[in-house]
Amino acid sequence: MKLISVNDLSLQNEGYFAFKHVAFSLSQNEIIGINGDNGSGKTQLLEAIASGENLDSGTIDYTPGVRIGYMPQDNSQVIDQTVEKYLEDIRSLSRELAVRKEQLSGMITLLGVSPYLDRPVRQLSKGLQRKVDFLAAVAGHPNVLLLDEPFVYQTNKTINNMLTLMQDLKDNGSGIILAATKFETNVSQYLDNNYLLKDNRLDKIQSTTNQETYCLLIFSANPNSVAITSDIERYLVSNMNNLVELELPLALKDSMVEKMTQLNYRLQEVKNLES
Amino acid sequence: MKVKILLKNYLQLFFQNFFYLTMLFSIIAFGLTSSHLLEMNSLKKYSLLIIGIFFLSLFSTMNLYHNDSKQNKYLKQKINSYWADTLSQFLVALITNIFSGILIFIFSLILDRNLSLDIIGIITLVAVGLLGSSVATLFKTQWYNHSSMGQVGVLVFVYLALSGSIISILSYVEWLLPPLSKIIVTLQEKESITSLLPTAGQTFLYALILFFISSFVYKPKKKVK
């Protein structure tokens, strides 16, 4: 199901076009990447979609019920509240539609923000503030997530954890638009469609996605192994003779191995599969 | 919840750079010392305090919208409620003006055993403060899309607020003008703070109307389906 349709959208600032005749759509269970040089208009395009305001021509059709979570490139808000209070306030804005409190705690832990919960957001480093912005964007459990340069200042481990959260949102029916100057290989594996914003135009480029490539992970269970959690269960192919087989996109391999190891399973074999 | 988050945020912005507090304490210091320093009577001092709170609320509300335009863009996207935003702005103006009005009156040394004088004195200060805030709200576009128009608008309204009752050519449309000068003229003529109640009521109503007009002027027009 389509979540957003952008039709022939144009925007100019003081006589200069940010972008012209942009058209694309975002569906459920889809991650779109938008590449482009600095100043190519990525941020303006995301802001136009997030606000639906100040457009020169064209339309944006939002499917009824769409809730947008937006992580801006540069959030100028000075937040005196502690990280915990701020994220809880933002979460509560979406009321019962938001992620559950314990889910938010899990995300906070996954991104390594737990030690800073009682610190005012304005006192955090830029990288940590970006993590808080990311968490604020996902806390409302949006069905459209717009991320503007989300991986700046982040380590590879954090980027992988952010990608895991994004994949989780996608698997639960959300659509995601990711804008960045450049996508590294580990990121582009997650993209279903990739666009290039250049010379004010948005063109679809051949997908660099590795999504169709799947792998089979075989783990052995031992007496200390814990029951498989529901988020892993969906990839389960078989579970017999103390061997657990999981089939999943190659992009998720590393995070899955980490999760299974935490549950006391041992990786025995990895097989690459063609879809 | 939306109003609570915005209200907290606006109050934080209001006190963020000490602009408001510096001006407020300057006016309080003036109220405390002017009787001896300038040998002025209570009515003259009260007239000047009324003008003082008008400019205090005008400038500090303008400062609020300036900070708001720089910092709150993405918070408002998250809140996504124009009316919660508008209500929060009005509540901030109301709370800060009540705070200013009470403090300024208490420290003006005009405080009297006559309770009605004290209450009307505070109400008038609060109403004039709200008038200043409402003018800043009506022309907050100076911090957003139309900088020059907003600035000219503030200048014109300040001029009309101060001159409405003393320029004869404007007497025909006096009811249209911000009633600040009317309060001061009434005070000079009747020489009693308690006689200001009707004009204070008119000022409060005028400020409410300006807030009401602003809320429709700035209502966003979305160009989306």
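All figures in this text were calculated on a predicted structure; none of them were measured in a lab. (Residues numbered from 1 in each chain as written. Chains lettered and ligands numbered in written order. Predicted model: local features only at pLDDT ≥ 70, side-chain atom pairs only at ≥ 80, totals over all residues. Heavy atoms only, no water.)

Comments concerning the sheet that holds strand 13 (residues 266-273) of chain A
All names here are of chain A.
Now for step 1: Here we have four strands laid out as an open sheet, ordered 11-12-10-13, and antiparallel in their pairing. Either end of the sheet is taken by a strand with one partner, and the two such strands are strand 11 (236-240) and strand 13. The sheet shows a mean angle of 15° between the axes of neighbouring strands, direction not considered. (Pairing = 2+ DSSP bridges. Helix = DSSP H or I, 4+ residues; strand = E, 2+ residues; numbered from the N terminus. Axes fitted to C-alpha atoms, helices over the stretch in contact; angles between N-to-C directions.)

Looking at the sheet that holds strand 6 (residues 144-148) of chain A
All names here are of chain A.
Now for step 1: The strand order across the open sheet formed by six strands is 5-6-7-3-8-9, and the pairing between neighbours is mixed. Two strands in the sheet have a free side with no partner beyond their single neighbour: strand 5 (68-71) and strand 9 (201-205). Taken pair by pair, the neighbouring strands of this sheet meet at an average axis angle of 20°, ignoring direction.
Now for step 2: Both strand 5 and strand 6 contribute to a ladder of four bridges, which runs parallel. Directly across from Met 71, in strand 6, lies its bridge partner Leu 147.
Now for step 3: Each of strand 3 (30-35), strand 6 and strand 7 (175-180) touches helix 5 (residues 156-171); the most contacted strand, strand 7, lies at about 145° to it. (Contact = heavy atoms within 4.5 Å.)

So, the interface of chain A and chain B
Now for step 1: On the chain B side, the residues contacting the 29 residues of chain A number 21 residues.
Now for step 2: In this assembly, chain A packs against chain B so that about 2,100 Å² is buried in total across both faces, 50% of it on carbon and sulfur atoms.
Now for step 3: Area buried by chain A at its contact with chain B is led by A:Glu47, A:Gln77 and A:Leu93, which between them contribute 24% of it.
Now for step 4: Taken together, the links from chain A to chain B amount to two salt bridges.
Now for step 5: Measuring nitrogen to oxygen at the nearest pair gives 3.4 Å for the salt bridge that ties A:Asp89 to B:Lys8.
Now for step 6: Our count for the contact surface shared by chain A and chain B stands at eight residue pairs in polar contact (both at pLDDT 80 or more).
Now for step 7: When residues of the side of chain A that touches chain B are traced back to their parent elements, those giving at least two are helix 1 (42-51), strand 4 (57-62) and helix 2 (83-93) of chain A.
Now for step 8: For the side of chain A that touches chain B, the class distribution of residues is 11 nonpolar, 10 polar and eight charged. (Buried area = accessible area lost by both parts, 1.4 Å probe. Salt bridge = Lys/Arg side-chain N within 4 Å of Asp/Glu carboxyl O. Polar contact = N/O pair within 3.5 Å; in protein donor to acceptor, adjacent residues only side chain to side chain. Nonpolar A, V, L, I, M, F, W, Y, C, P; charged D, E, K, R; others polar.)

Here's the deal with unusual backbone geometry
Now for step 1: For A:His21, which is not glycine, the phi torsion reads 50° and is therefore positive.
Now for step 2: With a phi close to 50°, B:Glu191 is a non-glycine residue in the positive phi region.
Now for step 3: Residue classification places B:Glu191 among the exposed positions, given a relative accessible area of 57%. (Buried < 20%, exposed > 50% of the residue type's maximum accessible area, 1.4 Å probe, protein only.)

Concerning helix 6 (residues 115-138) of chain B
Now for step 1: For helix 6 of chain B, spanning 24 residues, the distance from its first C-alpha to its last is 34 Å, which sits close to the expected 34 Å at 1.5 Å a residue.
Now for step 2: When you tally the buried positions in helix 6 of chain B, you get 19 out of 24 residues, the bulk of the element. (Expected span 1.5 Å × (residues − 1).)

Some thoughts on the domain arrangement of chain A
Residue and element names in this part refer to chain A.
Now for step 1: Under the domain assignment, chain A is made up of domain 1 (2-210) and domain 2 (213-273).
Now for step 2: Computed over C-alpha atoms only, the centres of domain 1 and domain 2 are separated by 30 Å.
Now for step 3: Contacts between domain 1 and domain 2 engage seven residues on the former and eight residues on the latter.
Now for step 4: Buried surface at the junction of domain 1 and domain 2, summed over both partners, amounts to about 720 Å²; 43% is from carbon and sulfur atoms.
Now for step 5: Connecting domain 1 to domain 2 are zero salt bridges.
Now for step 6: Summed over the shared surface of domain 1 and domain 2, the number is one residue pair in polar contact (both at pLDDT 80 or more). (Domains from an automatic or database assignment.)

Observations concerning the packing of aromatic side chains
Now for step 1: For the structure on display, the rule yields 13 aromatic pairs over all chains.
Now for step 2: Where A:Phe24 meets A:Tyr195, the ring centres are 5.7 Å apart and the plane angle is 50°; that geometry is what we call tilted. A residue pair is termed long-range when its members are at least 10 positions apart, and A:Phe24 in strand 2 (residues 16-27) and A:Tyr195 in strand 8 (residues 193-198) qualify at 171 residues.
Now for step 3: According to the relative accessible area criterion, A:Phe24 is buried, its value standing at 6%.
Now for step 4: Its relative accessible area of 9% is what places A:Tyr195 among the buried residues.
Now for step 5: Note on B:Tyr46 and B:Phe105: the rings are 6.1 Å apart at their centroids and 90° apart in plane angle, and the pair reads as edge-to-face. (Phe/Tyr/Trp six-rings, centres within 6.5 Å; stacked < 30°, edge-to-face > 60°.)

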